[in-house]
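Fold and contact review
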Amino acid sequence: MNLRILIVDDHAGMRRLTKTILAAFGIRRVREASTAEEALALIREFEPDIAIVDFLMPGMTGLDFVKLVRGGSDDPMLPIIMLTASSTQHLVTAARDAGVTEFVAKPVSPEALRRRINEIILHPRNFIRSATFFGPDRRRKRPEAVEEDRRAATPEAGTPEAGSDATQAQERVT
Amino acid sequence: MKRKAGSFIRVSEKGYTYEEIVVADDLKTKMERPEGIPPDAARIAQQAVERLQDEFVEWARRDIARLAELAPELASAPSDAAVEETRQQARIIAHDLRGQGATFGYPLVTEIATCLGTIMRLEKLDREMQQDMLQTLAEMMREVIEQRMRGDGGASGEKLRKKAHRMAVLAADPARGGPAAGIAG
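How each quantity is defined
- Residues numbered from 1 in each chain as written.
- Chains lettered and ligands numbered in written order.
- Predicted model: local features only at pLDDT ≥ 70, side-chain atom pairs only at ≥ 80, totals over all residues.
- Heavy atoms only, no water.
- Pairing = 2+ DSSP bridges.
- Helix = DSSP H or I, 4+ residues; strand = E, 2+ residues; numbered from the N terminus.
- Axes fitted to C-alpha atoms, helices over the stretch in contact; angles between N-to-C directions.
- Contact = heavy atoms within 4.5 Å.
- Core = buried A, V, L, I, M, F, W, Y, C linked by side-chain atoms within 4.5 Å.
- Buried < 20%, exposed > 50% of the residue type's maximum accessible area, 1.4 Å probe, protein only.
- 1 Å grid on protein atoms, 1.4 Å probe; cavity = no way out; pocket = protein on both sides within 12 Å on 5 of 7 lines; lining within 4 Å.
- Points joined across faces, edges and corners; volume = space filled by probe spheres on them.
- Parallel < 35°, antiparallel > 145°, perpendicular 65-115°, else oblique.
- Left-handed = near helix turned anticlockwise from the far one by under 90°.
- Polar contact = N/O pair within 3.5 Å; in protein donor to acceptor, adjacent residues only side chain to side chain.
- pLDDT = per-residue confidence, 0-100.
- Salt bridge = Lys/Arg side-chain N within 4 Å of Asp/Glu carboxyl O.

1. What about the sheet that holds strand E4 (residues 80–84) of chain A?
Residues and elements named next belong to chain A.
- Within the open sheet, the five strands sit side by side as E2-E1-E3-E4-E5. Their pairing is parallel. Since the sheet does not close on itself, it has two edges, and those belong to strand E2 (29–33) and strand E5 (102–105), each with one partner. Direction aside, the axes of adjacent strands within the sheet are offset by 20 degrees on average.
- Relative to E4, strand E3 (residues 50–54) runs parallel, the two sharing four bridges. Its bridge partner being in E4, alanine 51 is matched across the sheet by isoleucine 80.
- Helix H5 (residues 110–122) rests against strand E1 (4–8), E3, E4 and E5 of the sheet, and its axis sits at about 175 degrees to E5.

Here it is as structure tokens:
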């Protein structure tokens, strides 16, 4: 399996736990960062497919890290799973505004992590760029609409502009 | 841009224009399994996690010992900034213990650490009281780990759980500088 995952957590124990779970999933191309700063460098060097990031870390928090990735890293559309022990509405809203792709609540269970990774692999979210936001589209579309998106978005089809047939086809957002 | 397969310009119901970027669908290929990670892998992972329990005990011991050290540091911190820095360290350790406890079969550690995290967020709480609670909750977690109180910990565990929740409610009492009662949840 060639999937590459970056774990960002200040606690060595949590990194070991996450790595153990990923190994059991068959994912062995894993790198670890103990700080958000270190993780930003690894995005460039290791080119992960997914990052798993702890919310609360000393120095730069997980949320700060997500904002930096979305705002100006080498891979602004990197799927990011945030591990959080708290799921208050305030936090969830802040995390979504920052551009978090998926959440896993602590205590981390292998099943919860499996589901979120599968969600990213099997149903990748499109991204939204507006004047005030850049991040994953958290609305869910019908599977056939998602498939239409992908077909229409092939390089051969080019990049449709507003009002084109392809764009109108994509407006069927559920 | 990396991962971009194409994009569309759209107009929202409220009239805002935005770009929808279609993400390349290539992770399934890297995964080499069209169905993703199978459910059975989670069961195997759970068994692997259980084999880490002895290591968790060692991590928890170190974290709890650090919490116990932070209590006197909280009392002697020379400035508001130093107090907040100490509280932040305690919050981060509590957050880690909260996240790991239940994963490794120690939900009592998770509950006590949750109460500690709540108390360490109360900036206006009397500093001596906060120090005392930090010391006490650290000691309670130490007891859970040293006595190997897995699961609910039986009658002893219930006593510790109630005590931790009472402390969190007490700390939240507005008369003592807390925001409100009933935050311990």
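So much for the structure itself; the text now carries on.
2. Quick look at the nonpolar core
- Ranked by size, the top nonpolar core spans 69 residues in total, and within it A:Leu22, A:Phe25, A:Ile117 and B:Leu67 carry the most contacts.
- Apart from the residues lying within four places of it in its own chain, the contact partners of A:Leu22 are A:Ile5, A:Ile7, A:Ile27, A:Val30, A:Ile52, A:Leu113 and A:Ile117.
- In terms of nonpolar packing, the next biggest core, distinct from the first, is built from 28 residues, A:Phe55, A:Leu56, A:Leu91 and A:Val100 among them.

3. Observations concerning the layout of surface pockets
- Looking at the second largest pocket, its volume works out to about 350 Å³.
- Along the walls of the second largest pocket sit 13 residues, with A:Ile128, A:Ser130, A:Phe133, B:Ser12 and B:Tyr18 positioned nearest its centre.

4. Details of the sheet that holds strand E1 (residues 4–11) of chain B
- One open sheet holds the four strands; their spatial order is E7(A)-E6(A)-E2(B)-E1(B), and the pairing between them is antiparallel. Because the sheet does not close on itself, it has two edges, and the strands there are strand E7 (134–136) of chain A together with E1 of chain B. For this sheet the average axis-to-axis angle between neighbouring strands, irrespective of direction, equals 25 degrees.

5. Brief notes about the packing of helix H1 (residues 12–24) of chain A against helix H2 (residues 39–50) of chain B
- For the pair H1(A) and H2(B), interaxial distance at closest approach is 8 Å and the crossing angle is 140 degrees. Relative to H2(B), the element H1(A) lies oblique. Two packed elements cross with a definite hand, and for H1(A) against H2(B) that hand is right-handed. Along its contact with H1(A), which presents A:Leu17, A:Thr20, A:Ile21 and A:Ala24, the element H2(B) presents B:Ala41, B:Ile44, B:Ala45, B:Ala48 and B:Val49.

6. Some details on the side chain of B:Gln130
Residues and elements named next belong to chain B.
- The topology assignment puts glutamine 130 in helix H6 (residues 127–146).
- Within the local environment of glutamine 130, its side chain forms a polar contact with the backbone oxygen of isoleucine 119, the two atoms lying 2.8 Å apart.
- Not counting residues up to four positions away in its chain, the partners in contact with glutamine 130 are Leu74, Arg87, Ile119, Met120, Leu122 and Leu125.

7. A word on the confidence of the model for chain B
- Overall, the prediction assigns chain B a mean pLDDT of 89, with 94% of residues at 70 or greater.
- Confidence metrics for the complex model read pTM 0.81 and ipTM 0.79.

8. A short note on the pattern of salt bridges
All names here are of chain B.
- Tallying each qualifying case throughout the model produces 28 salt bridges over all chains.
- Between arginine 87 and glutamate 84 there is a salt bridge, with its nearest N and O atoms 3.3 Å apart. Of this pair, arginine 87 and glutamate 84 are both found in helix H4 (residues 80–101), three residues apart, which corresponds to roughly one turn of the helix.
- Salt-bridge contacts for glutamate 158 lead to arginine 161; the nearest nitrogen and oxygen are separated by 3.2 Å. Here glutamate 158 pairs with arginine 161, and both are found in helix H7 (residues 154–171), just three residues apart, close to one helical turn.
- Note on arginine 161: relative accessible area 28%, which makes it partly exposed.
- Beyond isolated ion pairs, a larger network of salt bridges with shared partners links Glu111, Glu158, Arg161 and Lys162.

9. A closer look at empty space enclosed by the protein
- Counted by the stated rule, this structure contains two cavities of 30 Å³ or more.
- Lining the largest cavity are 14 residues, with A:Pro79, A:Ile120, A:Pro124, A:Arg125 and B:Val23 sitting closest to its centre.

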